[in-house]
Structure formats: structure tokens, C-alpha cells
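If you want the building blocks of each chain, they are given just below.
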Amino acid sequence: MAYDRRKFITFLGKASLGAWITPPFLINYEGAATPVNAEGASKDTLEALKQLALEALAASDKDDLLLTKGLDYHTVIKWGDKISEQDTFGFNNDFTCFIPLDEKNPKDGLLWVNHEYVHPLFVSGFDYKNPASKRTKAQVDKEMYEVGGSIVRIKEENGQWKVVENDPHNRRVTAKTPIKLNWDHPIEGKTTVIGTHSNCSGGITPWKTFLTCEENYDSFFGETEYDENNVATKRPSRYGWEKFYNYPPEHYGWVVEVDPKEGTVQKHIALGRFAHECCTLYQLADKRVVAYSGDDKNNEYLYKFISSKPQSLKEGTLYVADVENGKWLPLDWESQSVLKTKFKDQTEVLIRAREAAKLLGATPLNRPEDIEIDPITGHIFVSLTNNKSKNDFHGSILKVEESEGAFDALTFKASTYKAGGEENGFSCPDNLAFDLAGNLWITSDMSGSAMNKAEGPYMPFKNNSLFVIPRYGKDAGKVIRVASAPRDAEFTGPWFSPDGKTLFLSIQHPGEQTTDLKNPTSKWPFDEDNIPKPAVVAITGSLIEKMNKLNQIED
Ligand code: FEO
Ligand code: CA
Ligand code: CA
């Protein structure tokens, strides 16, 4: 089924009529679409677009959130803030996503935020760099509370987004929340498992639920590894939670769906088990869905799931990308005899998706991170953040064009859209977001231990940053730095509000290199506690409004 721009960008059409806009996938697909593109623009708008020029921010190692001219920010919520009588906002926020409660009001809705992992020193007091210190169960319990995700209702009033305290929707999902498996067979004996963690990026569904992806799950409960004779051994985790809670590694590494209204949570086994960075959905005209997800590990793969039933994340086939030959290879135990030589059934293929993908001859990639669909062309963009094992220090952005623009095609063409490095001014692309006019916003993720090191490859880039590639104007196609992160931090979870006027952005792991609480490497956001705190901010301002000028294009 070919890409239908008219349907995919209905939200732009709505904007041009002066109404508010829904994000992709929350579109009324049946509604009258208004194709919006540069050809449809009024003369004045086109002229303004041509003149659009951005002032780039210089690279900086300052411990602050710096913004280029035309942008402002305010903090929406930070680690430890109360969200209800019993719950507080978790640590290290990543994926951030907003769904309005009432489609007629873009300024009041539910914010979902992932909490990926913890810095033990800040969260539980465990001194991980001191070999003499031993983690206690109480410390692990604290850490388990701080991961997962938060749902908070937020409202914008007078240009400021604020949390609605104690709203009945406000709640936490943690490493202790019971979660059902959306599968017909138990996994390691269970159909309901305990908790989610390692929640990196995510996605939303057309039926208005959040997807949160379990990425480096082996950090908490380890991994089951198989040798050449298919004999299993357990590899211990970095955090050692398995010493206190005997939860099998196979219960983690999935895409998790959260229904914010019902409060239900489920894990989708059909999408495979690996270090899921994100899960990006496209709904076909017959309401079947296509879900893209990358495995963020050196030399791992890009996957897509095509459902066989409308709006199902269970019925369908998982494919892995053979990028060299432009083919999607089915991870299907029934039809692939090579999979039968190693795995006993489809459930095992999905649990050990990495090994199955390798057997099929998938193409190893340089750590696939976020995936976004260009609303104007329907092309799929994948961040390949880096691969030091292959001397790729700066990464690139891969463009995938499905054959004939059909998201359920089994062949595609792939090419490098933009390479990281000094020439293009960015390194280690991670999260991506298209705004309503089709400008591409990119966050970088150079690791805290490698940034600002005099002899290292990342020195010229200084702190992690937010960049934009304008689609129109004098800077079209150039990578422009528009925000610089506090020390050791990365920006994560860029997400535009439905009217395109606010960019929600997470500030993750400021001061991550801290080894002494009295002397943290960052103090952002400079509150009374004097320690760094991950937080979600709202970025607004004339630049975002100008960049989204296409919203004003008339029919
Ligand atoms: Fe959690 Fe791949 O970043
Ligand atoms: Ca990421
Ligand atoms: Ca990353």
C-alpha cells in the first residue's frame, strides 16, 4: 500500500484552517485531507520561507541549557517532583510524548515520559565506584522505583506548561509493575511478568496509547547466552538486581504498551526481543500497522513488523533488514528452515531475535537508534549513532525508501542521508523528530565519558546538542545547532505539541560523571538541592513558530 501523504499530513491541513493539529497517527484518517506543501503556499509565505535563516549556536562546554536566538525554555517537571499523593517523577527521562485529552484543546493532555536507568549515587546512595560497597535490597528497591515511566497531565496557561498535581491520570509504571504478555504462550513460565526498565525511546499508536521500549535490559537482570552447541549460560548484569529478585532476562527487551486512560500495560512479544531503541508506527489504509524498531547495539539490526489484522501488535510477521540487498527477511519459524535448525518454535525465535536475524543474513548496522517518518515524503530515517568497533565515531542518518512508497513492501532502497563528523558539525545522532513543516530535529548522544576530552574525537563538538536541518530557506539541508545541553547530559525525547508551538525535550543524565555528591560535575537545573536533576523542558519561541511557517499556508 503506497504512502499516502494526504492522509499522513492531514494534521498539517487542519493547521492551515486555523484549527489545532494532531500529531501523526492521531489523525482522523477518514477526514478530508488537505495536502500542504511548498507548491500550495501563498506568495508571501514562500518568500518568508526562502528568507528563513537561522543563527547557529556555537559548541559549548558550559554547564547550562543554552538556546539559540528565538528560543526560550521552562522546566515542566524534574526528577523527584510529586505527581500524586503516592508517586514522584522518576530518574533519567528519555522518550517524551504528549497526547491531548480532548482533541479540541491542544493545550491540555497527558505527557508520557520514559525513565531509562538510574545513577545509583543520586538515587539510592550506592557508591558504585567503591569496590568495598555492597548494594542492599533497600537500595535496589529505590532504584526499581525510579525507572519505567511517568504519566502526568499537563496544561499550558499563559505560555507556561504546568503539571496538574494529583490528576487521576497521574501515575507511575516501574520495575515492579505487573505487566501482561500479549502472547499465547508463557515466557519462562509466566504470562504476567514483573516490571519494565531500560525504557529508552518509544512511540505512539493510532489508538492513542504510548509505546515504551526496553533497550539495555541486560544491565538489570543480565542475559541468557548460548554457545555454539546451543547450551545456555547466564551472564550477570551490571546493576545486579538479579541477586535480589530472581526475574528471568527473557521477561525484558520488549516493546511495552501503556494505555494512559485505562491504566493497563502489556508487552508485545511479536515485535521481538532485543535492545529496542524505539517503535515507530505507520497505519495502512486498511488499519493494519507497520512498526519499525532498531536494536541499539554494535552490529545489530533494523526490524519491522507488519500486522496481518487491523491495529494488532500480535498477529503478523516480524522482518529484519538486509540493507545490502534491500530486502525485509521474515523471522518466521514455519517458513524459514534455517530457523528450525536452532530454535524449537516461533516463541523462541522472537525471544532470541538477534540470533535468528543473524542466521537469516541480516545486515549488521552501526547501532540503530531512533526512527522517524518524514511527513512530506514518507521516507524512513534511522539514526545510526556510531560503532567504535568499526571506527565509526560519528555515526550517520540512514534513509530507507520502501518500494513504491509502500510501508508493507518487502523490498526497499537505503542510502546515507547525512554523515556525522566535523564537516556536518554533529556527532552521534540519536533521537529524531520532524516538526509539522517537515524540518528534521536531531539530538546527539556522545557518551559522557568521551565528551570534551582533549585527545578524543568528540572535542570539537563539546556538549551534546540539539540540531535542526531546515527544509526551506537559506539554510535548507544544513545542520544547525540550536541548543546545547548541561554538562554530561544528552537531550532526549524531542516531541512537538499538537499545535507545533512547543518542543518538549528531556534533559537526561546531567552530571553523570559525578563521583562525589558534594562536588557534582553539573548542577543543572540549579535548584535548592545543588545536585543535577534530569528534567523535561518545554522549548518555545519565535524560531519554532517561523520554522513551522508552513502551518500558515492556505489551501
Ligand atoms: Fe537509550 Fe539507544 O539510547
Ligand atoms: Ca537513545
Ligand atoms: Ca544513545
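Residues numbered from 1 in each chain as written. Chains lettered and ligands numbered in written order. Predicted model: local features only at pLDDT ≥ 70, side-chain atom pairs only at ≥ 80, totals over all residues. Heavy atoms only, no water.

Okay, the pairing of strand S24 (residues 380-384) next. In terms of burial, S24 is largely enclosed, as five of its five residues are buried. Side chains Ile 380, Val 382 and Leu 384 project from S24 onto one buried face, and the interleaved Phe 381 and Ser 383 project onto a second face that is buried too. One ladder, built from four bridges, connects strand S23 (residues 368-373) with S24; its direction is antiparallel. Residue pairing for S24: Ile 371 is matched across the bridge by Val 382. As defined by bridge partners, S24 adjoins strand S25 (residues 396-402) across five bridges and the pair is classed as antiparallel. Among the inter-strand pairings, Ile 380 is bridged to a residue of S25, identified as Val 400. (Buried < 20%, exposed > 50% of the residue type's maximum accessible area, 1.4 Å probe, protein only. Helix = DSSP H or I, 4+ residues; strand = E, 2+ residues; numbered from the N terminus. Pairing = 2+ DSSP bridges.)

Let us now look at the pairing of strand S17 (residues 289-294). Counting buried positions along S17 yields six of six residues, so the element is predominantly enclosed. In S17, alternate side chains face the same way, and those of Val 289, Ala 291 and Ser 293 on one face and Val 290, Tyr 292 and Gly 294 on the other are all buried. In this structure, strand S16 (residues 280-283) lies alongside S17, joined through four bridges in antiparallel fashion. The partner of Thr 280 across the bridge, within S17, is Tyr 292. The antiparallel hairpin formed by S16 and S17 contains five residues in its connecting segment, where Lys 287 sits at a positive phi of about 75 degrees.

As a further point, take the coordination of the calcium ion (ligand 3). Only Glu 369 (OE), Asp 430 (OD) and Asp 445 (OD) from the protein reach the calcium ion (ligand 3) as donors, at distances of 2.1 to 2.5 Å. In the primary structure, the donors to the calcium ion (ligand 3) are separated according to the pattern E-x60-D-x14-D. With relative accessibility at 3%, the residue Asp 430 sits in the buried group. Assessed through its relative accessible area of 17%, Asp 445 is described here as buried. (Donors = N, O, S within 2.8 Å, 3.2 Å for Na, K, Ca; no water.)

Attention now goes to the coordination of the calcium ion (ligand 2). Within the protein, Glu 277 (OE), Glu 369 (OE), Asp 430 (OD) and Asp 430 (OD) serve as the donor atoms for the calcium ion (ligand 2), at 2.3 to 2.7 Å. Positions of the donor residues of the calcium ion (ligand 2), expressed as sequence spacing, correspond to E-x91-E-x60-D. In this structure, the calcium ion (ligand 2) is positioned 3.5 Å from the calcium ion (ligand 3), and both are ligated by Glu 369. Residue Glu 277 is found in the loop between strand S15 (264-268) and S16, and its partner Asp 430 is found in strand S27 (residues 429-434); the two are separated by 153 residues along the sequence. Given a relative accessible area of 0%, Glu 277 falls into the buried group.

Judged by pairing direction, the sheet is mixed, and its six strands sit side by side in the order S9-S8-S15-S14-S11-S10 without closing on themselves. Lying at the two open borders of the sheet, with one neighbouring strand each, are strand S9 (192-194) and strand S10 (199-204). Sheet twist, expressed as the mean angle between neighbouring strand axes with direction ignored, is 35 degrees. Summarising the sheet, strand S8 (residues 178-181) and S15 pair through two bridges and their orientation is parallel. Bridge pairing links Leu 181 to Lys 267 in S15. (Axes fitted to C-alpha atoms, helices over the stretch in contact; angles between N-to-C directions.)

This part takes up the environment of His 197. Summarising the element assignment, His 197 is placed in the loop between S9 and S10. On the accessibility criterion, His 197 (0% relative accessible area) is buried. The sequence separation of His 197 and Lys 462 amounts to 265 residues, and the corresponding C-alpha distance is 30 Å. Residues in contact with His 197, not counting those within four places in the same chain, are Glu 116, Val 147, Glu 214, Tyr 217, Phe 220, Phe 221, Trp 241 and Tyr 252. Within the local environment of His 197, its side chain forms a polar contact with the side chain of Ser 198, the two groups lying 2.8 Å apart. (Contact = heavy atoms within 4.5 Å. Polar contact = N/O pair within 3.5 Å; in protein donor to acceptor, adjacent residues only side chain to side chain.)

This brings us to the sheet that holds strand S33 (residues 535-540). An order of S2-S33-S32-S31 is seen for the four strands of this open sheet, with the pairing classed as antiparallel. One side of each edge strand has no neighbouring strand; the edge strands of this open sheet are strand S2 (72-78) and strand S31 (490-496). Ignoring strand direction, the axes of neighbouring strands in this sheet form an average angle of 25 degrees. Taken together, the six bridges between S2 and S33 define a ladder with antiparallel strand orientation. Paired with Tyr 73 across the strands is Ile 539, a residue of S33.

Going through the model one piece at a time under the given rule, you end up with 28 salt bridges. The salt bridge partner of Lys 69 is Glu 55, with a shortest N-O separation of 3.8 Å. Taken as a pair, Lys 69 in the loop between strand S1 (66-67) and S2 and Glu 55 in the loop between helix H3 (43-51) and S1 lie far apart in primary sequence, 14 residues in all. Given the relative accessible area of 62%, Lys 69 is considered exposed. The partner of Lys 107 in a salt bridge is Glu 156, with the nearest N and O atoms 3.4 Å apart. Placement of Lys 107 in the loop between strand S3 (93-100) and strand S4 (108-115) and of Glu 156 in strand S5 (residues 148-157) is noted, with a sequence separation of 49 residues between them. Residue classification places Lys 107 among the partly exposed positions, given a relative accessible area of 34%. Through salt bridges with shared partners, a single network forms among Lys 78, Asp 81, Asp 527, Asp 529 and Lys 533. (Salt bridge = Lys/Arg side-chain N within 4 Å of Asp/Glu carboxyl O.)

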